[in-house]
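Chain residues, written in single-letter form:
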Amino acid sequence: MTGAATTGVAAEEVPAQEAPADEAALDLLPAAGVVERLLAAEERVLPTVRSAVPAIAKAADLIAARMSVGGRLVLLGAGTSGRLAVLEAAELPGTFGLA
């Protein structure tokens, strides 16, 4: 499936992700400077994540309801996203009693 098929926007119309200017030369900063930059980046996304709380909670409730009657949660990803999906899946049984 292409971007156009799912969003109506051609892939070439979507700008590539670029590293923010404040991430330049992280390797030259002392450890405390790197931590400060990481925290600043987290603070920038919090308003957006907070605004999505109702949708995230609704999704969690729907997933839990489906899984309670034998449904499955499918996690997909490639590269780092795929590795994180595997880690998340490994947490389900122990943390939430799901298999």
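As a reminder, the structure under discussion sits directly above these lines.
Since this is a predicted model, take the numbers as computed values, not measurements.

Cut-offs used in this document
Residues numbered from 1 in each chain as written. Predicted model: local features only at pLDDT ≥ 70, side-chain atom pairs only at ≥ 80, totals over all residues. Heavy atoms only, no water. Helix = DSSP H or I, 4+ residues; strand = E, 2+ residues; numbered from the N terminus. Expected span 1.5 Å × (residues − 1). Axes fitted to C-alpha atoms, helices over the stretch in contact; angles between N-to-C directions. Parallel < 35°, antiparallel > 145°, perpendicular 65-115°, else oblique. Contact = heavy atoms within 4.5 Å.

1. Description of helix α4 (residues 80-96)
Compared with the 24 Å implied by 1.5 Å per residue over 17 residues, the 23 Å span of α4 between its first and last C-alpha is a close match. Looking one or two residues past α4, Gly97 carries a phi angle of roughly 70°, positive in sign.

2. Looking at helix α3 (residues 53-68)
One full turn of an α-helix is made of 3.6 residues, so residues set three or four places apart face in the same direction. Its 16 residues place the ends of α3 22 Å apart at the C-alpha level, agreeing with the 22 Å of an ideal helix rising 1.5 Å per residue. Looking one or two residues past α3, Gly70 carries a phi angle of roughly 95°, positive in sign.

3. Re the packing of helix α2 (residues 31-51) against α3
With their axes 4 Å apart at the nearest point, α2 and α3 run at an angle of 55° to one another. Here α2 is positioned oblique relative to α3, judged by the angle of their axes. For the pair formed by α2 and α3, the contact residues are Val49, Arg50 and Ser51 on the first element and Val53, Pro54 and Ile56 on the second.

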